[in-house]
Amino acid sequence: MLPTVLSRRPLASEFDSVQKRDVDWADRRAFLKTAGVAGGLALLPMFALEAAPLRYTLKPIEIAPGAWMLLGVDEAITRENGGAIANITILDTREGAVVIDTGPSRRYGVQLAEVARELTGKPVVRAFVTHFHPDHVFGCQPFGARALAAPQGVIDGLNQSGDDFASAMYYLAGDWMRGTEVVLPGRVVEAGYEDIGERRLRTLVLGGHTDSDLAIFDERSGLLIAGDLAFLDRAPTTPHADLSVWQKSLKTLDEISFASLVPGHGPMEKAPRALRQTSDWLKLIEERIRGAFDRGLDMSEAMGEPLPSWTDKIALARYEFERSVMHLYPNLEANLWPRVDQAN
Amino acid sequence: MIGRSNLLTLATLVLGFFLSAAVVQAAEPVDPLNSPMWEEMRGQFFGLARYKFDSRVKVSVPSVVENQAQVPITVDARQLQDVRKIVVFADLNPVQHALTLTPHEAAPYVSFRLKVEQATPVRAAVLTGDGVWHVGGEFLEAAGGGCSSPAMARNKSDWSLTVGNTRGRAWRQPDGMSRVRMTIKHPMDTGLTRDNIPAFYIEQLRVRSTGGKVLATIEMREPVSEDPTLTMMVRMPLGEKLIGVDGRDIGGNLFSSKIDMTWRESSLNAPNRAE
Ligand SMILES: [Zn+2]
């Protein structure tokens, strides 16, 4: 009965038809809205909508000399934002532009390449991928495998789950994903240093947010690009997290004397607040979820547990807490209760 | 318990009330979830019996689906008296019926995990002693969460080694009921997947007291998730300490567990509000 939509490997034709229907429906809704305002002239806007290609609004923010970021929105992935929720970093070097993470779709990657060229006057020579989550990796296509670099664990994860992520993203973001396919990075990043032009980049191969998470420290600018090991004022996500490994990685990053930190989601800051806040959040959810579990609450009940007032200022706090309950509960249930069957 | 003759009198009174109400208000109840499948669901689950949509039947679904194979569902009808049966179903699943709870000596409450094919109403129909079905439900949006996350590929090849393995715990609640949580290893195959694996699922669980009294019965169907994970509340006879659970799957395998009540007082309602 139930091969999940998310885990099914889609046939291209299957998706084409699904996507087309969805898009038609979305346009019709937009049409109805427009019709309410424009009355008899409504047909014209409808045609205009169907013809207009989707385009992301990318606004580079200069964060250091020759360094920019594209700030993701603090939202879940939707058909409105096209999945552009993660931060992307662009560095200028003598050899060419370097990007760190590539965004959620082919379309995004194409626009990212354009922006990088406008900013630096050079093509992208290297695109690093911090981890295998779809909001960070599906803009890879325009850069090609030879320019794409990631730790082996990220490549393995993408190889295993990339197609499933792609179908999940088509489902969530719709037409923004058109033409997007998984591209595996052709260069393996090891822990150490890599010189690109005048920049020496320290590569930290860590984990905890996922099995394999890359952070990059640019010695020249003092920028620490933390990927999703750090979130700021946006609740961390835990679908593939190992909380204790993640806490260790946060300690490792805290030992670096960086000038500013670019989190995977949320604004750049000169202070290490993102590291502290991410650590506090992980500690909080671990305690709350474990506490609910120990008191015998079911998942649905645990999702309603109170959160402290400091989380009021964190975007998507309740939403991510609910998700984390669903991520973390099954392991507790499978491991912490005693065996009670007679065969035991 | 109320005596049978009292119950009959009560039932007649209630019936009379509803019949007269029905004459005054002839219109059919309107499905608050506006499902195209409602009439079919109604026919399938309670035929021509009387029913009403009742907000006292609370169905909890998550606001986001992380794993379509494991969606947590809680049904709570504790605001209703004299509940005989709870049927849980999802209108837009290929098999709609998920689970039926008969709470002989149990609260009209159950939590479990459901497989869903797509966004769907999830409903509980609660039969009370007066013969009326009280229907509650929520619409489950099946879109997944951001930053990930398909069901991880599962290796099912070794299920035969662990099938029937059960883990669980019980808590004594302040209201005197015993809360039981348990998870049973079982593939719960639907027989409807493309890989032609035949249907294979646990069809019945019976919760007993030490003395053999049946406290609750649960019938399960294909949409209950792999490794069924359940929460119930039963009324243990005084002085008894072991809750027995007997299960049977459609392959004829029998499972049996005993959950010890003694080892911890519940702190379910303990204050935990220090922010
Ligand atoms: Zn991530």
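Residues numbered from 1 in each chain as written. Chains lettered and ligands numbered in written order. Predicted model: local features only at pLDDT ≥ 70, side-chain atom pairs only at ≥ 80, totals over all residues. Heavy atoms only, no water.

Enquirer: Tell me about helix α5 (residues 152-173) of chain A, and name the residues and values.
Expert: Taking the largest bend as the criterion, α5 of chain A deviates by roughly 60°, centred on S161 of chain A. Looking one or two residues past α5 of chain A, G174 of chain A carries a phi angle of roughly 65°, positive in sign. (Bend = angle between axes of the 7 residues up to and from the residue. Helix = DSSP H or I, 4+ residues; strand = E, 2+ residues; numbered from the N terminus.)

Enquirer: Break down the environment of L232 of chain A for me, with residues and values.
Expert: All names here are of chain A. Looking at the element boundaries, L232 is found in the loop between β11 (223-231) and α6 (243-254). Spatially, the C-alpha atom of L232 lies 16 Å from that of I63, the residues being 169 residues apart in sequence. With residues near it in sequence (within four places) discarded, L232 still touches P263, H265, G266, P267, E269, R273, A274 and Q277. (Contact = heavy atoms within 4.5 Å.)

Enquirer: How would you summarise the side chain of Q277 of chain A if you had to cite specific residues and measurements?
Expert: All names here are of chain A. Relative to the elements of secondary structure, Q277 occurs in helix α7 (residues 273-294). On the accessibility criterion, Q277 (13% relative accessible area) is buried. In this structure the side chain of Q277 is engaged in a polar contact, spanning 2.7 Å, whose partner is the backbone nitrogen of D233. For Q277, the residues in contact, after removing those within four places along its chain, are F231, L232, D233, R234, W310 and I314. (Buried < 20%, exposed > 50% of the residue type's maximum accessible area, 1.4 Å probe, protein only. Polar contact = N/O pair within 3.5 Å; in protein donor to acceptor, adjacent residues only side chain to side chain.)

Enquirer: Hey, could you go over the packing of α6 of chain A against α7 of chain A for me, with residue numbers and the actual values?
Expert: Residue and element names in this part refer to chain A. At their nearest, the axes of α6 and α7 sit 10 Å apart, and the two run at 160° to each other. What the angle tells us is that α6 and α7 run roughly antiparallel. Helix-helix and strand crossings are classified by hand; for α6 and α7 the assignment is left-handed. Between α6, through L243, W246, Q247, L250, L253 and D254, and α7, the contact on the second element is made entirely by L275, R276, T278, S279, L282, K283 and E286. Within the contact of α6 with α7, the residues separate by chemical class into six nonpolar, three polar and four charged. (Axes fitted to C-alpha atoms, helices over the stretch in contact; angles between N-to-C directions. Parallel < 35°, antiparallel > 145°, perpendicular 65-115°, else oblique. Left-handed = near helix turned anticlockwise from the far one by under 90°. Nonpolar A, V, L, I, M, F, W, Y, C, P; charged D, E, K, R; others polar.)

Enquirer: Residues and numbers for the nonpolar core, please.
Expert: Proteins that are soluble and globular tend to have nonpolar side chains buried together. The biggest cluster of nonpolar side chains holds 48 residues, and the ones touching the most others in it are I86, L99, F112, I218, V234 and I243 of chain B. When residues no more than four places from it in sequence are discounted, the contact partners of L99 of chain B are I86, V87, V88, V110, F112, I218, E219, M220, V224 and L230 of chain B. Core analysis: the next-biggest nonpolar cluster, separate from the first, contains 45 residues, L229, M326, L328 and Y329 of chain A among them. (Core = buried A, V, L, I, M, F, W, Y, C linked by side-chain atoms within 4.5 Å.)

Enquirer: Break down the pattern of salt bridges for me, with residues and values.
Expert: According to the stated counting rule, one finds 30 salt bridges over all chains in the structure shown. One salt bridge in this structure joins E333 of chain A and R181 of chain B, with 2.7 Å as the shortest N-O distance. With E333 of chain A in helix α9 (residues 317-335) and R181 of chain B in strand β10 (residues 178-184), the pair connects residues from two separate chains. Here E333 of chain A matches R181 of chain B in class, with each residue buried. Sharing partners across several salt bridges, the network here consists of R234, E320 and R323 of chain A together with E66 of chain B. (Salt bridge = Lys/Arg side-chain N within 4 Å of Asp/Glu carboxyl O.)

Enquirer: Can you explain the sheet that holds strand β6 (residues 148-150) of chain A? Please cite residues and give values.
Expert: Residues and elements named next belong to chain A. Spatially, β1-β2-β3-β4-β5-β6-β7 is the arrangement adopted by the seven strands of the open sheet, whose pairing is mixed. Lying at the two open borders of the sheet, with one neighbouring strand each, are β1 (61-64) and β7 (187-188). Two strands pair when backbone bridges link them, and strand β4 (residues 96-100) and strand β5 (residues 124-128) are joined in this way by four bridges, in the parallel orientation. Considered in β5, the bridge of I100 is made with F128. (Pairing = 2+ DSSP bridges.)

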